[in-house]
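Letter by letter, the chains look like this.
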Amino acid sequence: MKAFKVVFASQVRIFLRDRIDFFLTLGLPIVFILLFGFIWGGGERPTKLGLVLLGPEEPLLSLLRERADLAIVRLESPEDLSEAVKKRSVDFGLIWDGEKISFLFEASRVQDNPSYEQLARGVAAALELRLQGRESAVLPEKVHAGKLLQASWLHMVIPGIITIPILSAGLFAVASRVTSMRERRILAQLLVTPLSPAFLILGLGLVRILIAYLGAFVTLFLGALVFGVRFLIRWDLFLILVFASGLGGLGFGALIALLVRRPGSATFLANLFLQVMLFLSGIYFPLEFLPPFLRTVSQFLPLTHLAQGMRFALGVVEMGSFEFWGITGGFAFVGIFLVPLLARQATRSA
Amino acid sequence: MTKVYALAKAFVRLYLREKETLFWFLLFPLLLLSLLCLIFGRMEEGGGMGFTVAVVNLDRGLHGAILHQMVKDLAHSTELFHLVEVEEKGDVERMVREGRVSAALLIPADFSESLFKALGMAQPAQVKILYRRGEAGSSLAANILSELVQTYNREVLIRAGLLSPIPPFKLEMALIGARERVRYVDFILPGVVIMGLFVAGLFSVPSAVVLAKEVGILRQYLVAPLTPAGYFAGFTLGHFVFCSLQVFLIWILGRWAFGASISPLRPLAILYLLLGFFVPLSVGFLISAWAKTTGGAFALANIVNLPLQFLGGLYFPVTGLPKFLQGLMAINPLTHLGEGLRAALGIGESAYPSWTGPVVLLLWILLSAIFATKRLGFGVER
């Protein structure tokens, strides 16, 4: 037990000293949440519509004012509007002269323009009815049917962000640290001491799992503090999932350490694995946006399932209990199965 | 001069040998460009989304059947979504809640009756669109359904003789700020190029300067007949060669794999590419001068890397920020590099006056150079 305590204390010291490691596991989620929150957290803010009225104000003006999804910015002339659209001080523009309705979009806003065009078509359709003295005969009522009543874009993203340090904490620690210790013969020296390989890996792993918890709590706290994002957390499931996935991260790191010998190659593989997963696991982009073959690939990526399991534990989505425990058990199994394999290989090579 | 060339050659070889350097400087930009183009590029080409949309028609009348048929026709003709027919209201609500479908259209049992009354000027008939707020995919699917209902509404009013089929005004939609519709690959390519150059400059200088100083390599260089200026010239030349290779590969991938049509061979674009080389290099020196150790330098580089990239609008146009972030954006070199390069390539206009870009970028180079020269001792006595 004393040996374990020494390994544990040394790993804590190493983590606190290694600024890059510290930043990547704790700082990066903070950066992500602040950036995502400030830049895209306002995704549900009204769209800024620049308006130039050269013809009769009504009924267009009252129609636009009725819409909660539009914030109207009145401008004097088409030239002013054109400049405002180009400089992106408004999202898109509208010129109405009584006979023609013109919408202006900035050409480089390729991702935003389809939704602005949709808004524009909606405005034109409503104006057509008003000008002919008609009301809609059919009204589509959008109803939120998700699990969380106050769901927002950040509610979907934050659970994904939480999973990044959990997985990467173990992944990089085992992959690069163990291969580095092996290359520098530190591992061999440690293993000829009365220290058991299991204690060595356990000491290293436990620190990582505690870091995973810390990262998850910091992210949740910051989301609530800065952006007011609150979850209906099922603490029992959350704590178990973080532990199991932290263990899984160690397992994936062990897999990489088993596959390659050099620390450089291990970091390379771990980076590749993590970056591909970040893009294809529905954390940054919804899975529906992926092409069919990448959607299939995403189903084989552990982070896809971990992020969804985390959303369930945080009360954002529904999930069958069989699926949740399957994900949790799967991650735990990866860690329990692969970490001892690495320990055995380390003992043999020592 | 031979020494400078030899040193440049050594640095290029070093870059090509280090797997991590190869990953972040060469492979990652190519991977990023490919993934972004595969995801967003196909959306503009009308590529089928992975949406599954459910429809429940509880109405036994004619209007419910027509609306139901319109949803089926849209699903078959455009491949916008995969359609699932559901019988029960409770089932469809559960399917949306559990994420098994992106959105659902619920046509109530009294739809035809309500619509008939609505045509006689009573309250409009309602249909429900179930979705999950906050999920981009679900919101998009709900918007598609909402637009379909609007189209149906117009058709019904026209057929009932309540609305003229000829709109009382002309509708025009125009794109401004570029000569033609900008394709996604043409928008993202300059952003990825600037990202690649920035990451290369930001991380390679600490590894070449601080690490070399820390482990004593610099000391060994400087006892050779090589001046500090010669050392940095060799490093800069080697870095330039490597960055040229990086830009070339990104551009080739964009052009041949994703059909990018923009060409970097324009004087202003070349100027911004050169600034895109020198500014990150100077920021790299600034960080190296600031940090005492390699670990510190890399941590600092990591801290500034992502915020500057995202706030620079390299991947998405950034709007609607709080004031303090707008100020940060205005002095962010990546904002001016990205906007300047895009404007030089004919993709949109910079949100800032044209003179600000070069001025801000030159100030970054100048101030970084002054600070780095003052702080960055070589740690050796010749």
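Residues numbered from 1 in each chain as written. Chains lettered and ligands numbered in written order. Predicted model: local features only at pLDDT ≥ 70, side-chain atom pairs only at ≥ 80, totals over all residues. Heavy atoms only, no water.

Digging into the overall build of chain B
We count it as follows: Helix and strand definitions follow DSSP, with helices as H or I runs of at least four residues and strands as E runs of at least two, each counted in order from the N terminus. We take the radius of gyration over the C-alpha atoms and set the globule estimate at 2.2 Å times the residue count to the 0.38 power. With a 1.4 Å probe rolled over the protein chains alone, any residue whose accessible area is under 20% of its type maximum counts as buried; one over 50% counts as exposed, and the rest are partly exposed. In this description, contact between two residues means that some pair of their heavy atoms is separated by no more than 4.5 Å.
Check the secondary structure of chain B and you find 14 helices and five strands. Against the 2.2 N^0.38 benchmark of 21 Å for 382 residues, chain B shows a C-alpha radius of gyration of 29 Å, more extended than a compact globule. Counting only C-alpha atoms, chain B reaches 95 × 45 × 40 Å along its principal axes. Sorting the 382 residues of chain B into buried and exposed places 53% on the buried side. Looking at chain B alone, contacts between residues at least 24 apart form 78% of all its contacts between residues at least 6 apart.

Digging into unusual backbone geometry
Residue and element names in this part refer to chain A. Cis geometry is found at the peptide bond from glutamate 58 to proline 59, where omega equals 10°. Structurally, proline 59 can be placed in the loop between β1 (47-53) and α3 (60-65). A positive phi angle, near 65°, is found at arginine 88, a position not held by glycine. Relative to the elements of secondary structure, arginine 88 occurs in the loop between α4 (78-86) and β3 (92-96). For arginine 88, a relative accessible area of 13% gives the class buried.

Let's talk about the domain arrangement of chain A
Spelled out, the test is: How far each domain reaches was decided by an automatic or database domain assignment.
On domain assignment, one finds that chain A holds domain 1 (2-39 + 149-349) and domain 2 (46-131). Computed over C-alpha atoms, the centres of domain 1 of chain A and domain 2 of chain A are 46 Å apart.

Some thoughts on the interface of chain A and chain B
For an interface, size is often stated in terms of accessible area lost upon the parts coming together. Under the convention used in this document: The term salt bridge refers to a side-chain nitrogen of Lys or Arg lying within 4 Å of a carboxyl oxygen of Asp or Glu. N or O atoms closer than or at 3.5 Å make up a polar contact, with two conditions inside protein: a donor-capable atom paired with an acceptor-capable one, and, for residues adjacent in sequence, both atoms drawn from side chains. Residues were grouped as follows: Ala, Val, Leu, Ile, Met, Phe, Trp, Tyr, Cys and Pro as nonpolar; Asp, Glu, Lys and Arg as charged; and all remaining residues, including Gly, as polar. By definition, two strands form a pair when at least two bridges between them are found by DSSP.
On the side of chain B, 105 residues touch chain A, which itself brings 90 residues to the contact. Our count for the contact surface shared by chain A and chain B stands at six salt bridges. Our enumeration of links across chain A and chain B arrives at 31 residue pairs in polar contact (both at pLDDT 80 or more). Secondary-structure elements contributing two or more residues to the side of chain A that touches chain B are α2 (19-40), α4, β4 (100-106), α5 (113-131), β5 (138-144), α6 (153-183), α10 (263-280) and α11 (292-299) of chain A. Among the residues making up the side of chain A that touches chain B, the classes are represented as 49 nonpolar, 18 polar and 23 charged. Judged from the seven bridges that link them, β4 of chain A and strand β5 (residues 170-176) of chain B form a sheet pairing that is parallel. For phenylalanine 105 of chain A, the partnering residue across the bridge sits in β5 of chain B and is leucine 175 of chain B.

Side note on the domain arrangement of chain B
Partitioning chain B into domains gives domain 1 (2-41 + 181-375) and domain 2 (48-159). Inter-centroid distance (C-alpha atoms) of domain 1 of chain B to domain 2 of chain B is 49 Å.

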